Structures are given as C-alpha cells and as structure tokens.
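Chains, contacts and geometry: an overview
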Amino acid sequence: MSGYKYDEEGGQFTTFALTAFLAFMVPYTYRSLRPKRDPAIIHGWLDQRGHKHSHVQKLMRTSPISSIVRGLILVCGWAAVAYLFQRVIQVAKNSGFVAYDPFSILGIATSATEREIRRQYRRLSLEFHPDKVSSDSNKTKEEIESHYIEITKAYKSLTDEATRKNYEEYGNPDGRQEMTMGIALPTWIVDSKHNVLVLLVYGLIFGVGLPLLVARWWYGSRSRTKDGVLNATALSFFLRLKPSTHVDDIPRMMAETEEFSKDFVDRLRERDLPAYNELEKRTLDAYRELRDADLVTNDVPENVRRALVLLTAYQYRIDSGNANVEQIKLEMGHYAEKMLMSLLAISTAHNRLEQSNEIRHLLPHFVQAVPLHGGRVSELLQLPYMTLSLAKSLVPLEAVVKHGLQGLWKVPDAERRAILMRDKDGLTEEQYTTCMRALGEWPRLELVDAYYTVVGEEQVNAGSLMHLVLKLRLLPLKRDGSLLRNGRRLDARDKKYGEDCVRPGTLEADTLNEANAGREPMGYVHAPYFLEERVPGWFMQMGDPKSDHLIMSPTRFGDMSTTQLRIVTAPIIAPPESGVYTFQVEVNSDSYLGSRVVKVMKLTVSEPIVPRPDEEDEISDPEEDTIAGQMALMRGERVKPSNVVYEDDDDEDEDDDEGDDDDEEEDDARPHDDSDSDSD
C-alpha cells in the first residue's frame, strides 16, 4: 500500500489519542472541580462575598445548562480515557514484538555460569534434536527444526565470542537488524472504503473548525483595546475628549458608543417596551427631582436616549420589574467601568489634572450604582438597605452635611433610629443592624505621613530622581471614631518638619528599599449592584493645580490593612530648575465614595552641586612648558605652571643686581657739579 507501513495493530495511534485526551482532561478537570477559595482575607462582615442584589446574584449564578455540559464533558472524556488506556494495554499484550532473550529460550537464570549453560544446552539438544523428537508429536518438522535452531542460537549468543558481541551491541545474535519506521495511523483510516468519511472529518476540523477558532481569537483580540472597549469607541473618546469636556458630558459620550446605543439597546424586545417606558418615566422624574434639570432633550436619537436612560436608571437603582431590562441595565453599569478606564488613559496621556480627577471620581459612582453629583446622598446610598428617600431625610443633619458617613456615625443612635426606622418605608430592626455594621466597618483612608526624599541625599536637587512616600492605613469607624478631613485627623499637626515635605533619604533608606511595605490581602468591595466580585484599590497621583498639569500619572495599588501602615513609594523626576514648588497629592478609592486623601505638599528643589573651577582636579591640565601645554595656551585653555627651576636665569639675575650696585657706588664717588645750583 504505497510503500508505507501503517499501524496495523493500532497501538501507536491509540497511545497518541490517549496522550491527547489526557492533555485536555487533566487541566479541564482541575479547573472544573477545584474548590473555590477566596484569594483575599476577610477582615469583617463588609468585605466578604454575597452582598449582592437578587438580580445580580441571578446573573452571576452559573447556568444549569453550562453545568450539565461541563458534567457531560467530564464523564465522556474520562470514559474515553479509560477505553483508550484499556486498548493500549491490550495491544501491548498482543504485540508481536518480543525482545530477544537467550536465557529465557534456554530456560536458565541470568546469573547462570558457563558450565550450567553448557549442561542445559546438552539436555535440550538431546530432547529437541530433530532426530530425537518422535514423529507422533503435534509439531511439524519445520517447527521442530526452528525450535532447535533457536536453542542453538541462544547457546552461541552466550558462549561464542562473536555471537555474544552482536547480542550485547545490537540485542540480537545475528547483528544489526533492519529498522522500520511506520506511520502512527490505523490501517482503516487509509482504507479506500473510508475515504469519504475521513476526508469529511478532515475538512470539518481543518477547513471549518480551525479557521473559525483562529478568526474568533484574532478579531476578538484585535478589535478591542487593553481596557476591553472597542477600538472604534476608543477612537471616538480620543477625538471628543477635549480639555473643556465637562463631567456631565461623559455619560452622554458613553451612551453614544456602539456598545451602548446598538449592542445593549438592540437587545430590548417588543414585549420589554412597556416595562422600559415605565422605567424611563420614573428615571426622568428622579433625575429632575435630584438635579433640577432634564436628563435628555428632544433632539437626542432614540437609541442614545434609551442607552442614557438605562445607564441613569442603574445609578438611581430604579427597578423595572422586567428580567431582560434589568440584565441589560446591570451589564451596562458593569461595562461603564471599562469605558471610564479608557477615558482616564486618554486624559492621563494629555497630562490633564482636573479632568483625570473628575474621571477617577466617577468610577465609584458606577461601582456603587449611585447618582452623579448626588453629594452626601450618593455617599449615604452606599450603605445596605439605604434608599433615596432615607438618604434625603438624613442629609439635613448638620453632622452628615459636614462629614458624610463619619458624621452619621456621630449622630446619636436614638436619632438615627427615629429617621431610618420610620413606620412607612423605613428599615426593620435587622436591616438597621446590618446598615450600622457596614457603617462601622467602612474603609476610611487615613494619611499618616507624606514626604519627598532622595535615597542617600539630604536634599532634592534639580533634575534628580526623588521618591514620593505615602504612609496610609484604613481606619474603620468602629476602630477609631476620630473625624478625618481629606484623610487627615482634624487635630493633626506636622510640627517636626514644618511645611517643607522634603526628608533626608538616609532616614528612611530601609523603608524605600522595601517598597510597598505593609501589604495585606483585602476582601471584596461591598457593591450590591455591580456585576462582579471586585477587590478594592486606590489611585495615587500628583499634579500642579495652578497649571492644571499632571506630574505623576494615576498609579493603582491595593492590599491595604487596618492593623499596619501601608507604605507606598513612587519615583518622580524633580523639576529641572531650583525653587520652591507646591504640588497636590491625591489618593482616592476606585470603589468607595468618601475614601479619599488630599494633601498639598511643598517641595524645595536645590541647585545641583557643581564643583568650582578652582576645586577641579588639576591632574588633567598639561604643564605650560610641555608641548601639550603650549598647544593648550594657544587654544586659550588652562595649564599648570611649571615646577622646573632654571639655574642659569637665577645667575644672570644676580649678575644684573651686582652691576646695578656698582653703578650706584660710582655715582656716589663722582664729584657733583654745583654750577646749576649756584646759578639758581
């Protein structure tokens, strides 16, 4: 058959198929059956799984169909592995290939001596010699002769020097054997009776399945940015995000994208329109009541209008009562976080301080599903079972107006109960207890210390590489009820270092070498309406508010702790000119409203230390009496004076001095002419 030798027994192909199945089934089984362990440490009731709305829990729950499919894959896959393993064992037993073993042929042990080998050979020769075997045996003459030849060959392979050498080197007393290479395919695959079926399978796998898989991966990865949004959406953001873009324009920009105005809105079915129309009316009324303005105008296209209404309804937590509408609304709120990260990357690339701050401040609003520009109302809505009406009833309290959530913690319990546990639409006793528990564990961010430093230097020089060092920690209200303003205690004073925030690098060298010290895994964000179990993080950035210039891009970090300080360092290049600079450092949460730190830091930049010309090393300057020195003098460069003393010049100078003395003595001895003086 074409000169090729195929796998007649099917052993090679079965082994290959078994290996391929195991390569797929082992990791798939581990991923499917491994216990779901939370990677984060649970510090309290607030930061654990499960605090999700019923609609969110339903969407996050694994579909029964996918569970059934996964189970069928596991059962069928391991059944195929067991069958293939059995086939491999069966083929190995029935295989015609047997390693040549002269000891087994002679029936002796491998440790037998040469005398024992000869004795056993003589005994077998007498028994199986063709002349000694009776004709009434069940074996034919050819089988008897072949058996005797095998016995003789085995005896020679152990006693004859040349035959034994062939056996030891090639595994056979006859020397090197012919080596055959076969194709690991069973014969039935290349059989002409199965040509159509084989070609059909090959065509489906390599002509349809593989191209579709590659195309899906390629276009899926190339059509989106690293933030997960479409390339067309990122390009639209890049062209439309101007320095004058207001924060109120961002929801409208997101609603006009292809994902929101087409992909999500087009999923609304005809039977969903009554529920959507009612949702739209309630959303527009709630927006007008809170903002005293209209959400949309008449010139807005219908698909953009629906996208904007659904996105706003997500933030105002308005329930439509329709499962499909709720799913679209929640998925839009989850996708909005990716769009904001794309907008933040564009604004950061342009070094726009104020705009990047506004975009970062929008992130917690979509994670917590609270209204934009809601002020203290939005901050209070983060608490469990808190409604818009209850939050509005708490806002008139003076402590809440000044300090938000931490101000609510300072309100007497009786007064809180009177407002939150009212008869009509208030909280129950269990709901109130849960709400206060979340308030006590709310992750407030405290800035313990902040400064600039250069490791190994006493000051920050112009253009040098310095470090911004922040020492932070979480301060839940139940742990410490002290009031914080912009992350600092109201009575905090930094008397030791005054207003200047530059520290000698030698004081904290060990800390800087151990960057990001104090890390401790955290739990999950308490975000009931966000379609994901999210680990909280914080953004750190620095800029100049006067020039609206972003100096350090937003850097995200996490793993905060309530028991130890979290030390965060960021390398920054000092300004190129000396002087006193004032920068604003800001840290805010990407998931919680109110967990924010703002500090204005003064930076004194000194002139770089440049050695004076007279202090420079003179070793490189040539001497004036050398050829190099003369050439340097011609070019106007510095040279070292010569240290060589010339004796002839000194003698000539002494002779000149003596001649001058003699002339003076002759003048004294010469008689003076007084005629002039007499005439005078």
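Residues numbered from 1 in each chain as written. Predicted model: local features only at pLDDT ≥ 70, side-chain atom pairs only at ≥ 80, totals over all residues. Heavy atoms only, no water.

**Brief notes about the overall build of the protein**
For the protein, the count of helices and strands is 25 helices and 13 strands. Among the 680 residues that make up the protein, the fraction classed as buried is 40%. In the protein, the share of contacts with a sequence separation of at least 24, taken over all contacts with a separation of at least 6, comes to 70%. Accessible surface computed for the protein: about 40200 Å², of which carbon and sulfur atoms make up 52%. (Helix = DSSP H or I, 4+ residues; strand = E, 2+ residues; numbered from the N terminus. Buried < 20%, exposed > 50% of the residue type's maximum accessible area, 1.4 Å probe, protein only. Contact = heavy atoms within 4.5 Å. Areas by Shrake-Rupley, 256 points an atom, 1.4 Å probe, with all protein chains shown as cover.)

**Quick notes on the packing of helix α9 (residues 231-240) against helix α14 (residues 323-349)**
It is the contact of α9 with α14, at a shortest axis distance of 10 Å, that shows an interaxial angle of 45°. Here α9 lies oblique to α14, going by the angle between them. Seen from above, α9 lies across α14 with right-handed handedness. Contacts between α9 and α14 involve Thr 233, Ala 234, Phe 237 and Phe 238 from the first element and Met 339, Ser 342, Leu 343 and Ile 346 from the second. Counted by class, the contact of α9 with α14 contains six nonpolar, two polar and no charged residues. (Axes fitted to C-alpha atoms, helices over the stretch in contact; angles between N-to-C directions. Parallel < 35°, antiparallel > 145°, perpendicular 65-115°, else oblique. Left-handed = near helix turned anticlockwise from the far one by under 90°. Nonpolar A, V, L, I, M, F, W, Y, C, P; charged D, E, K, R; others polar.)

**Considering the packing of aromatic side chains**
According to the stated counting rule, one finds eight aromatic pairs in the structure shown. Joined through ring pairs, the aromatic side chains of Phe 260, Phe 264 and Tyr 335 make up one cluster. (Phe/Tyr/Trp six-rings, centres within 6.5 Å; stacked < 30°, edge-to-face > 60°.)

**Things to note about helix α6 (residues 141-159)**
Compared with the 27 Å implied by 1.5 Å per residue over 19 residues, the 27 Å span of α6 between its first and last C-alpha is a close match. Among the residues of α6, Ile 144, Tyr 148, Ile 151, Thr 152, Ala 154, Tyr 155, Ser 157 and Leu 158 are the ones counted as buried. (Expected span 1.5 Å × (residues − 1).)

**Things to note about helix α12 (residues 273-291)**
Given 3.6 residues per helical turn, the α-helix brings residues three or four places apart onto the same face. Over its 19 residues, α12 runs 26 Å from end to end, which matches the ideal 27 Å to within 8%, given 1.5 Å per residue. Within α12 the residues assigned to the buried category are Leu 273, Ala 275, Tyr 276, Leu 279, Glu 280, Thr 283, Leu 284, Ala 286 and Tyr 287. On its buried face, α12 is in contact with α13 (302-316) and α14.

**Focus: the UniProt feature "transmembrane region" (unreviewed entry) in the protein**
Sequence positions flagged by UniProt for "transmembrane region" (unreviewed entry) are, in local numbering, residues 12-30, 67-85 and 196-219. Secondary structure content for residues 196-219 is 100% helix and 0% strand, and the end C-alpha separation is 33 Å. (UniProt positions renumbered as here; feature names shortened; annotations may be inferred.)

**A short note on unusual backbone geometry**
At Asp 292, a position not held by glycine, the phi torsion is positive, near 55°. With respect to the helices and strands, the residue Asp 292 is situated in the loop between α12 and α13. The phi torsion at His 373 lies on the positive side, around 55°, for a residue other than glycine. Following the sequence through the fold, His 373 ends up in the loop between α15 (353-368) and α16 (376-380).

**A closer look at the pattern of salt bridges**
This model, assessed by the stated rule, comprises 29 salt bridges. One salt bridge connects Arg 291 with Asp 248, and the closest N-O pair in it is separated by 3.5 Å. Residue Arg 291 is found in helix α12, and its partner Asp 248 is found in the loop between α9 and α10 (249-255); the two are separated by 43 residues along the sequence. In this structure, Glu 337 and Arg 534 form a salt bridge, with 3.3 Å as the shortest nitrogen-oxygen distance. You can see Glu 337 sitting in helix α14 and its partner Arg 534 sitting in the loop between α22 (509-513) and β9 (538-544), a full 197 residues away along the chain. We classify Glu 337 as buried; its relative accessible area is 13%. Assessed through its relative accessible area of 9%, Arg 534 is described here as buried. A network of salt bridges, in which partner residues are shared, links Lys 281, Asp 285, Arg 288 and Asp 294. (Salt bridge = Lys/Arg side-chain N within 4 Å of Asp/Glu carboxyl O.)

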